[in-house]
Amino acid sequence: MLRWLRLWKNWASLELASQMAYKWNFFLKFFGAITFGVIGPLIAILIYTNSKGIPGWSFEQFLLLTGLFSLASGLSAFFSMPMTFHTIEKVREGDYDVDLVRPMRPLSYALATSTDLDQLAEILVGISVIAYVMPKLGLQLAAANIAASLLLLLMAVVFFLSLNIIIAAFAFLFVKTYALIDLFYEVAKVGKNPITAYGKTGSLLLTYVFPVGLAAFYPAQALFGVLSLAEILKLSLIALGFLAFAITLWELGIRKYQSAGG
Amino acid sequence: MSFEFGAMKLGIKEALAWKFSLMLWIVISIVSIGAYYLLWSAIYGLSGQSLIAGYSFRELMTYFVMSEIVQTLTWNNVIMDLSQKIRRGSLITQLVRPVEFLHFDFWQHIGNRVMQFWIYCAPMVLVGVLLFGLKFTGWANLLLFTITAVLAVVLNFVLSALVGLGAFWMTEYHGIRWVYMGFHSIFSGFVFPLTFFPQFWQKIFSFLPFQYTIFVPIQTYAGKYGLLSVLGNMLIQLAWIIVLMIAITLIWRRAMKQFSAAGG
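All figures in this text were calculated on a predicted structure; none of them were measured in a lab.

**Quick word on the interface of chain A and chain B**
Contact with chain A, which involves 33 residues of that partner, is made by 32 residues of chain B. For the side of chain A that touches chain B, the secondary-structure elements that each account for two or more residues are helix H2 (23–37), helix H3 (39–50), helix H9 (178–188) and helix H10 (199–209) of chain A. Element by element, the count of residues in the side of chain A that touches chain B is highest for H2 of chain A, at 10 residues. Residue composition of the side of chain A that touches chain B, grouped by class: 20 nonpolar, 9 polar and 4 charged.

Quick look at the structure:
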């Protein structure tokens, strides 16, 4: 673990140094990412200024969802998004062999060399929205609710991490998989909204099959104190199960990998 | 004209190489609009309003389907393409050819869009009708929409090309592209109909070229404008195209004086 952390730290420092080589570009990208990041809260504002909003959800509660979603997806992408692109590119070019002979498990190595500083903007948007909306929610925050929400937020990060691993694993099986990134993330975007808005079947699918409800809805529910301990544990198991599925798919992909060159 | 057809054929071949990705985009669009469909049916149900920001539920769904279609038609990769060619020095190989680079790129892009229309947009219309109640607003609106959409394709191309030219003065250009894309997706009406914004912002948007690339063509299709307004909008689109083309010509000339390729 220490060896992994050392490698991650060195790689992150290198990434920072390479970004700082073009400071203006970095700050412009940051500003651009902020612009994209505010689209979620902007949609919330536009919906609630023009209508009564989503049944059962106040403006502040809906805004909290967008903040939680940005924070979870931003954190996960910060640690794992480049891994997905690197894997797809290396497999496509037939260069993945090099990573297979390194003295570290391929997935560990892929994650240790995957830091995306561009995601700092998304994380900042998420934190800002949550910080803005929390006092307005008027919640009597119990320590247990905060802990449960943080646990489910961690599970949300696990969900997005699993998603990135799955997309990367598909590269070993189908090679040209860039479009899958768009597909998975477009589906994941439905998690920005309360999953109850998608009906009973939709809610079940988004909890048990493609558990994007973990991205924002359930962490928010935990904060509101409406989830029981059993439900929190069940949701955590779903997220960890999704991760186990992702890792299994990755291992299967590695076994199927055929070098095109090297 | 044979040169333009040649460039278009190249664009068609380019689009065909990505046909499966484009087909996958139909699935992506269905998911995206499907989520909006369920969300907005809940919102309309709760509010009891038949119109929200001037849209009935069906009109709003029509807007979302059309925004996916118009976005695909008007999208281009000029900023990325131009900045990469400048940064890597490969622009020099384009410059020694007996055709103007942007002229060639434009016709190649048109060929690409024609193919995208058949692979993505036409099936998407069918999907829109069958799944989301895409409304047919009449032949006259369809004709006017076609004209504004074609102008929107050209306008978005010249707008992107102008932004892309900045790469002559910056080594890394992803930042500018991100900022442009962020603003474009909000100000063009791709994310949301601009009528949802307060009047003040709508006034500001009307002074910018972005809304003429997505919002205005869709509103034209929806029959939200009178004939005079539609013609006025077309003139504004044309005016923007001319102004931006003049700016591109001036900047291109200036850039050529100082351009030095590092590779090739």
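This is not the end of the story, as more comes after the structure.
**Describing the nonpolar core**
Note on soluble globular proteins: their nonpolar side chains tend to be buried together. Core analysis: the largest hydrophobic core is formed by 146 residues, its most contacted members being Ala72, Leu152, Ala156, Phe159 and Leu214 of chain A. The biggest single contributor to this core is helix H8 (residues 143–174) of chain A, with 19 residues.

**Regarding the environment of Phe104 of chain B**
All names here are of chain B. Structurally, Phe104 can be placed in helix H6 (residues 101–132). Accessibility expressed as a C-beta count within 10 Å gives 17 for Phe104, which makes it partly exposed. Considering only alpha carbons, one finds Phe104 and Met8, 96 residues apart in sequence, at a separation of 8.8 Å. Apart from the residues within four sequence positions on either side, Phe104 is in contact with Ala7 and Val99.

**Quick word on the confidence of the model for chain B**
Residue and element names in this part refer to chain B. Within chain B, residue pLDDT values average 89, and 98% of them lie at 70 or more. The secondary-structure element of chain B with the lowest mean pLDDT is helix H5 (residues 91–95), recorded at 78, while helix H10 (residues 215–221) shows the highest, at 97. Model confidence for the complex is summarised by a pTM of 0.87, with the ipTM given as 0.84.

Reading the values: the criteria
- Residues numbered from 1 in each chain as written.
- Chains lettered and ligands numbered in written order.
- Predicted model: local features only at pLDDT ≥ 70, side-chain atom pairs only at ≥ 80, totals over all residues.
- Contact = placed C-beta atoms within 7 Å.
- Helix = DSSP H or I, 4+ residues; strand = E, 2+ residues; numbered from the N terminus.
- Nonpolar A, V, L, I, M, F, W, Y, C, P; charged D, E, K, R; others polar.
- Core = buried A, V, L, I, M, F, W, Y, C linked by C-beta atoms within 7 Å.
- Buried ≥ 20, exposed ≤ 12 C-beta atoms within 10 Å, placed from the backbone.
- pLDDT = per-residue confidence, 0-100.

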